[in-house]
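The lines below spell out each chain.
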Amino acid sequence: MKVLLDQLRPGLTVYVPGGASEPLALHEALRADPERAAGVHFVTVSIPGVNVFDYAALTPTTTLTTFMRLDAMRASHEAGRVRVPALGYSSIVDYLEQLPIDLAVLHVAPNGSFGLTADFGLIVAPRAGKRV
């Protein structure tokens, strides 16, 4: 996890999977050292009832784009640190294809499969500046 945390820098846009591929170990590492997320813009596709982590709550300069706001994000959203574009689920693909992603955090099985949530990681992976 240290390798991933060492990649984070202010100004980066970082894609992190949501749904069943939510990286719980990353959440634990960021809770233990939230300043690693200072100035980082996270992008995720959180699913209400499945995901509960609010990246934008880590520091006052951490921001988040997601497409379905979770109750856990209420305070960060009201503080202006969470952006929720008004898009239908199928339009998220178009949005992500246009968004510059500096770093993509991905779950990949040894056979190259993206696993349980083989949705947006497939779109982001080839375009990301770095993949972890």
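Rules behind the numbers
Residues numbered from 1 in each chain as written. Predicted model: local features only at pLDDT ≥ 70, side-chain atom pairs only at ≥ 80, totals over all residues. Heavy atoms only, no water. Salt bridge = Lys/Arg side-chain N within 4 Å of Asp/Glu carboxyl O. Helix = DSSP H or I, 4+ residues; strand = E, 2+ residues; numbered from the N terminus. Buried < 20%, exposed > 50% of the residue type's maximum accessible area, 1.4 Å probe, protein only. Phe/Tyr/Trp six-rings, centres within 6.5 Å; stacked < 30°, edge-to-face > 60°. Contact = heavy atoms within 4.5 Å. Arc of directions from axis to C-beta. Pairing = 2+ DSSP bridges.

So, the pattern of salt bridges
And then number 1: Applying the stated criterion across every chain, the model contains four salt bridges.
And then number 2: Ionic pairing is found between D6 and K2, a salt bridge with its closest N-O pair at 2.8 Å. One end of the pair is D6 and the other is K2, both in helix 1 (residues 2–7) and four residues apart, which spans about a single turn.
And then number 3: Judged by its relative accessible area of 56%, K2 is exposed.
And then number 4: The partner of R74 in a salt bridge is D71, with the nearest N and O atoms 3.6 Å apart.
And then number 5: The class for R74 is partly exposed, based on a relative accessible area of 39%.
And then number 6: Each member of the salt-bridge network shares a partner with another, and the members are K2, D6, D33 and R36.

Considering the packing of aromatic side chains
And then number 1: Per the counting criterion, the structure on display carries four aromatic pairs.
And then number 2: The interplanar angle of 25° and the centroid separation of 4.6 Å between the aromatic rings of F42 and Y55 together place this pair among those described as stacked. Here the residue F42 occupies a position in strand 2 (residues 41–43), and Y55 occupies one in the loop between strand 2 and strand 3 (63–65), the gap between them amounting to 13 residues.
And then number 3: Here Y55 falls in the buried class, since its relative accessible area comes to 2%.
And then number 4: Aromatic side chains Y89 and F120 sit 5.4 Å apart centroid to centroid with 70° between the ring planes, which places their arrangement in the edge-to-face category. Placement of Y89 in the loop between strand 4 (82–83) and helix 4 (91–98) and of F120 in the loop between strand 5 (103–104) and helix 5 (121–124) is noted, with a sequence separation of 31 residues between them.
And then number 5: Judged by its relative accessible area of 3%, F120 is buried.
And then number 6: Here the aromatic cluster, defined as three or more aromatic residues joined through ring pairs, consists of F42, F53 and Y55.

Quick notes on the side chain of T66
And then number 1: Position of T66 among the secondary structure elements: in the loop between strand 3 and helix 3 (74–78).
And then number 2: Given a relative accessible area of 0%, T66 falls into the buried group.
And then number 3: In contact with T66, other than residues within four places in its own chain, are T44, V45, S46, M73, V82, R83, V84 and P85.

Re helix 2 (residues 24–32)
And then number 1: Within helix 2, the full set of buried residues consists of L26, H27, A29 and L30. Along the axis of helix 2, the buried positions cluster into a sector of 165°, meaning they face one direction only. Among the exposed residues of helix 2, those pointing more than 90 degrees away from its buried face are L24, E28, R31 and A32.

Considerations on the environment of L5
And then number 1: Relative to the elements of secondary structure, L5 occurs in helix 1.
And then number 2: The exposure class of L5 is buried, given its relative accessible area of 7%.
And then number 3: Excluding its chain neighbours within four sequence positions, the residues that come into contact with L5 are L26, A29, L30 and R36.

What about the sheet that holds strand 2?
Two strands in a sheet stick together by hydrogen bonds in their backbones, pointing the same way (parallel) or opposite ways (antiparallel).
And then number 1: Read across the open sheet, the six strands follow the order 4-3-2-1-5-6; overall the sheet is parallel. Because the sheet does not close on itself, it has two edges, and the strands there are strand 4 and strand 6 (130–131).
And then number 2: Direction of pairing for strand 1 (residues 13–15) relative to strand 2: parallel, over a ladder of three bridges. Bridge assignment links V14 to a residue of strand 2, and that residue is F42.

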